[in-house]
Amino acid sequence: MAKIFCTKTITESSFKSLEQKGHEIVTWDDLNKGPIDRQTLISSAKDCEGLITMLSDKIDEELLEQCPNLKVISQYAVGYNNIDTAATKKRGIVVTNTPDVLTHATAELAFALLISCARKIVQAAKNVEEDKWKGWEPKGFLGKSLKDTTVGIIGAGRIGSSFAKMCHGAFDSNILYYSRTKKPDLESDLDAKKADLKELLQNSDVISLHCPLSDETKLLLDKETLSYCKKDAIIINTARGEVINQDDLIELLEQGHFHSIGMDVTTPEPLPHSSKLKSFENVLIIPHIGSATETARKDMSDLVCKNIENVLENLSPLTPITY
Ligand code: DGY
C-alpha cells in the first residue's frame, strides 16, 4: 500500500476511495501550522509514492533526488510552473493537474475583478465602510463603461475562452486574442480575431491574462509592451504574477497609465507589506482565489485523488500533463 503526502488541507471526503484501498494519506496541518517549510516538505515526501502538491510548492531536482519511490505528483491546480517537469520526466514520474473543473470559477473571478475595477466597487464600498459617504453625487465614483469594449485575451485556452464568452455576452465586446494557435470556435462563435501582441495591446480597452507561466510568457508584459496599451486600459491578471514585470508596471502607474489593474496573482505571493503596488487606489489585489468556489475546490480534490489512485493501479490518470 502506498504512502501519499498532501501539502495542504483539501476536501477530506475525496480521500475515501484511496483510504478504502489501504493507502496512507498524510496531510500537512497548514490550518494550524501555516504553509509547509521547504525542509519539512522534503522530509515528508521522502518515502512517498504519491504527492499532492499546491502551486506554492517548489518541486525540483533537490526534492526529487530524495524521493526514490515517487510515482505520481498530483498538482491541485491547473498551472504547474512550480514543478520542474524536465526533472520529473527524467525520472518517469507521472504529473497530473486539474484542468476543466476550475475553468468557470476562474473565468468568473476574472469577470468579477473586471467589473470591480471598471466600476470602482471596492473603493466605493470602503468609502461607505469608513463612514465617508456624504450622499448621492452625480460625479461620485464614476467608472468606465464596459459596453462595446474591445477585450484582448492573452492565452485563449479554456479559461481565456470562457472569459471571452462572458464579456461578449455581457458587454457585446469585440474579442481579440493572442495565442500560438488559431481558435476556430472563438472566431465562429464570438467573431474573435487573432492578433499579435502589439496589435492586441494597442487596440484593447480591457486586457486579461490567461496564459500559463513559461519561458515564453515570463515578463511578457514589461515596460515596452505595457507602453503599447491604451492609457486608460484595464488589465486583469488571474494567470501568474510573473507574466507581468511588476517594477515596470509600477513605473507606468506612477506616470498615470491605466484606468485600473485587477490582480488575483502577484510576485511574490503574498506581496510584502511594503510593496508599492498596494499604494495605488486603482490597483485591486486579491489573494489568488481564482478557483475558490466550493464546487471547484471539491472537484479539484476529487480529481487529484482519482489521478493518484489510477496511477497507483497502473491505469491512465484522468488529466496527465503531456511531456
Ligand atoms: C491554478 O489552478 O493554476 C489557479 O491559479 C488556481 O487559482
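Here the structure is a predicted model, which means the values were calculated and not measured.

Asker: Please set out the pairing of strand 4 (residues 72–75) residue by residue, giving values where relevant.
Answerer: Here strand 4 shows no split at all, with Val 72 and Ser 74 on one side and Ile 73 and Gln 75 on the other all buried. Across four bridges, strand 3 (residues 50–53) lies against strand 4 in parallel orientation. When the sheet's bridge partners are listed, Gly 50 is paired in strand 4 with Val 72. Summarising the sheet, strand 4 and strand 5 (residues 94–96) pair through three bridges and their orientation is parallel. Within strand 5, the residue paired with Val 72 across the bridge is Val 94. Note on the crossover from strand 4 through helix 5 (residues 85–90) to strand 5: the handedness is right-handed.

Asker: So, the state of the cysteines: which residues are in play, and what are the values?
Answerer: Applying the stated criterion to the full structure yields zero disulfides. Cys 117 forms no disulfide, and the closest cysteine sulfur to it belongs to Cys 167, at a distance of 12 Å. Taking the relative accessible area as the measure of exposure, Cys 117 reaches 5% and is therefore buried. In this model Cys 211 remains outside any disulfide bridge; the closest cysteine sulfur is found in Cys 229, 14 Å from its own.

Asker: Summarise the site of the ligand; cite the residues concerned and give the values.
Answerer: Close contacts around the ligand come from Leu 55, Ala 77, Val 78, Gly 79, Leu 102, Arg 240, His 288, Gly 290 and Ser 291, and that covers them all. The contact in question runs from an oxygen atom of the ligand to an N or O atom on the backbone of Gly 79, over 2.9 Å. Contact with the protein chains hides 94% of the accessible area of the ligand, taken as 240 Å² for the molecule alone. Looking at the shell around the ligand residue by residue, the class counts come to four nonpolar, four polar and one charged.

Asker: So what's going on with the sheet that holds strand 9 (residues 206–209)? Which residues, and what values?
Answerer: Pairing in this open sheet of seven strands is parallel, and the strands run 8-7-6-9-10-11-12 from one edge to the other. Strands at the two margins of the open sheet, each flanked by one partner only, are strand 8 (193–194) and strand 12 (283–285).

Asker: So what about helix 12 (residues 246–254)? Which residues, and what values?
Answerer: Within the sequence span of helix 12, burial applies to Gln 246, Asp 248, Leu 249, Ile 250, Leu 252 and Leu 253. Among the structural elements, helix 11 (223–226), strand 11 (260–263) and strand 12 are those in contact with the buried residues of helix 12. The backbone nitrogen of Asp 247 has a side-chain oxygen 3.1 Å away, supplied by the residue at the start of helix 12, namely Asn 245. The first or second residue beyond helix 12 is Gly 256, which carries a positive phi of 90 degrees.

Asker: Describe the domain arrangement of the chain, and please don't skip the residues or the numbers.
Answerer: A common way to state how big an interface is: give the accessible area lost once the parts meet. According to the domain assignment, the chain consists of domain 1 (3–99 + 293–312) and domain 2 (103–285). A straight line from the C-alpha centre of domain 1 to that of domain 2 covers 31 Å. Taken together, the contact pairs seven residues of domain 1 with seven residues of domain 2. Taking both sides of the interface into account, the surface hidden between domain 1 and domain 2 amounts to around 530 Å²; carbon and sulfur atoms contribute 59%.

What counts as what
- Residues numbered from 1 in each chain as written.
- Predicted model: local features only at pLDDT ≥ 70, side-chain atom pairs only at ≥ 80, totals over all residues.
- Heavy atoms only, no water.
- Buried < 20%, exposed > 50% of the residue type's maximum accessible area, 1.4 Å probe, protein only.
- Helix = DSSP H or I, 4+ residues; strand = E, 2+ residues; numbered from the N terminus.
- Pairing = 2+ DSSP bridges.
- Right-handed = clockwise from strand over helix to strand, strands pointing away.
- Disulfide = S-S within 2.5 Å.
- Near = heavy atom within 4 Å.
- Polar contact = N/O pair within 3.5 Å; in protein donor to acceptor, adjacent residues only side chain to side chain.
- Areas by Shrake-Rupley, 256 points an atom, 1.4 Å probe, with all protein chains shown as cover.
- Nonpolar A, V, L, I, M, F, W, Y, C, P; charged D, E, K, R; others polar.
- Contact = heavy atoms within 4.5 Å.
- Domains from an automatic or database assignment.
- Buried area = accessible area lost by both parts, 1.4 Å probe.

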